[in-house]
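Each chain is listed here by its residues.
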Amino acid sequence: MEIRNINQNDLEDLFEWRNNYESRKQFFKKNKITLKEHQKWFEESIKNPNKEFFIGELSGIKLGVCRFDFLEKENYSEVSININPTERGKGYGKQLLNYALNIYLSKKKRILIAKIKEDNIPSIKIFTSLGFLLTRKVEGVIHMEFTEKLIFKKVEIEDSLTLYDLLKKRNYNISHEVLPDFKSHKQFVENNPYLYWYIFSLNEKAMGTFYIKNDNSIGINTNEPTKEIINEILDFILDNFTPRKGIPSEIPNYFFINVSQNNNLLKDIVSSIGYMPIQVSYKLIRS
Ligand SMILES: CC(C)(COP(=O)(O)OP(=O)(O)OC[C@H]1O[C@@H](n2cnc3c(N)ncnc32)[C@H](O)[C@@H]1OP(=O)(O)O)[C@@H](O)C(=O)NCCC(=O)NCCS
């Protein structure tokens with residue numbers, strides 16, 4: 001499926017899809033609208049910076065539209081989808097929503113709310129499968145919310161492959177420059193040298209790992225650090241773990257984060273959260 005922003009050529013398709021009987025049954029304004037009303041709405045919507053529409057297409061066929069409506073006062077975006085009536089029942093709804101969510105959220109960090117009639121089982125299934133959670137039900141309408149929250153999972157031997165994939169993609173390394181083979185990697189996971197070692201995922205996608213060592217040092221490995229993600233990881237650590245008792249000249253009595261010298265993005269993020277750098281480490285080998 002290809003996905004793109006809406007344009008003038010979509011006016012009539014959206015009009016047809018909007019007036020389709022099944023669509024109207026699921027919408028809150030059930031009446032048919034006239035082409036003139038639609039044109040007015042379309043022109044206004046396309047110019048409105050708080051509205052964004054994505055059209056999914058496959059081999060020249062328009063599959064449906066996914067719409068995000070940012071409500072400034074409420075500070076969330078309402079999401080809805082409408083699949084081309086001839087293309088319903090083929091699984092496109094989930095694909096379109098998934099693509100559209102990824103594009104929308106990569107540009108804007110927003111809370112997303114979907115308001116769905118309780119008898120609209122396919123729609124509820126689609127939103128649920130992509131991580132929307134039921135928050136309330138008001139007069140037969142279900143409110144589902146999507147917030148980007150990380151899921152933390154203790155590393156186990158079964159995670160070796162996921163960890164290896166992450167390791168292959170890793171941009172910055174402190175301890176090794178050459179990728180170990182899978183067998184050595186698996187051995188490493190089995191021997192787990194860390195005090196705590198976690199994988200974190202976002203919307204079911206493994207995003208990276210963090211570990212805490214005996215000396216209270218923390219390592220965070222992810223190729224996609226954002227302030228929100230790093231903040232969430234550090235909050236998780238501070239909420240769930242206590243630093244080991246310090247040993248003078250050996251272990252400080254606080255957690256500290258090791259960041260690869262070249263990883264300027266992570267350094268900037270950690271500093272912007274308000275944590276202070278304490279030292280720089282130099283590798284001492286004869287040249
Ligand atoms: C609701 C809508 C978006 C669903 O999209 P779709 O691509 O046609 O969805 P699908 O038919 O592939 O079904 C999605 C899921 O619901 C399941 N499903 C479909 N009809 C079902 C039913 N009657 N009972 C139980 N499950 C059903 C499908 O099996 C599928 O589940 P799966 O992903 O586990 O296989 C689409 O029909 C539509 O645009 N309807 C009109 C507008 C609308 O209701 N929009 C939603 C408001 S936000």
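Throughout what follows, the structure given in this document is the object of discussion. (Residues numbered from 1 in each chain as written. Predicted model: local features only at pLDDT ≥ 70, side-chain atom pairs only at ≥ 80, totals over all residues. Heavy atoms only, no water.)

## A look at the site of the ligand
Logical step 1: Surrounding the ligand, one finds 19 residues, the nearest of these being I81, I83, G91, G93 and N120.
Logical step 2: With respect to the ligand, the backbone of G91 contributes an N or O atom lying 2.8 Å from an oxygen atom.
Logical step 3: Here an oxygen atom of the ligand sits 3.4 Å away from a polar atom, N or O, in the main chain of Y92.
Logical step 4: Look at the ligand: alone it shows 940 Å² of surface, and the protein chains cover 67% of it.
Logical step 5: Of all the secondary structure elements, the ones that give two or more residues to the shell around the ligand are α2 (21–26), β4 (76–83), α4 (92–107) and α5 (121–129).
Logical step 6: For the shell around the ligand, the leading source of residues is α5, giving six residues. (Near = heavy atom within 4 Å. Polar contact = N/O pair within 3.5 Å; in protein donor to acceptor, adjacent residues only side chain to side chain. Areas by Shrake-Rupley, 256 points an atom, 1.4 Å probe, with all protein chains shown as cover. Helix = DSSP H or I, 4+ residues; strand = E, 2+ residues; numbered from the N terminus.)

## Topic: helix α1 (residues 11–19)
Logical step 1: Of all the residues in α1, the buried ones are L11, L14, F15, W17, R18 and N19.
Logical step 2: On its buried face, α1 is in contact with α2, α3 (35–47), β2 (51–58), β3 (61–71) and β4. (Buried < 20%, exposed > 50% of the residue type's maximum accessible area, 1.4 Å probe, protein only. Contact = heavy atoms within 4.5 Å.)

## With respect to the packing of helix α8 (residues 227–240) against helix α9 (residues 264–273)
Logical step 1: The contact between α8 and α9 brings their axes to 10 Å, and the two run at 65 degrees. Between α8 and α9, the crossing angle belongs to the class labelled roughly perpendicular. The handedness of the crossing between α8 and α9 comes out as right-handed. Contact residues: α8 offers K227, I230, N231 and L234, while α9 offers L266, I269, V270, S272 and I273.
Logical step 2: A class-by-class count of the residues in the contact of α8 with α9 yields six nonpolar, two polar and one charged. (Axes fitted to C-alpha atoms, helices over the stretch in contact; angles between N-to-C directions. Parallel < 35°, antiparallel > 145°, perpendicular 65-115°, else oblique. Left-handed = near helix turned anticlockwise from the far one by under 90°. Nonpolar A, V, L, I, M, F, W, Y, C, P; charged D, E, K, R; others polar.)

## With respect to the packing of aromatic side chains
Logical step 1: For the structure on display, the rule yields 19 aromatic pairs.
Logical step 2: Pairing F127 with F132 gives two aromatic rings, centres 4.9 Å apart and planes at 90 degrees, and the pair type is edge-to-face.
Logical step 3: A residue is classified by how much of its surface remains accessible, and F127, at 2% relative accessible area, is buried.
Logical step 4: Between Y164 and F182, the ring centres sit 5.2 Å apart and the planes meet at 70 degrees, which makes this aromatic pair edge-to-face. Residue Y164 is found in helix α6 (residues 160–169), and its partner F182 is found in helix α7 (residues 182–191); the two are separated by 18 residues along the sequence.
Logical step 5: For Y164, a relative accessible area of 11% gives the class buried.
Logical step 6: Following the ring pairs from residue to residue traces out a cluster consisting of F152, Y196, Y198, F200, F210, F236 and F241.
Logical step 7: Just above the ring of F70 sits the side chain of R110; from NZ or CZ to the centre is 3.6 Å. (Phe/Tyr/Trp six-rings, centres within 6.5 Å; stacked < 30°, edge-to-face > 60°. Lys NZ or Arg CZ within 6 Å of the ring centre and 35° of its normal.)

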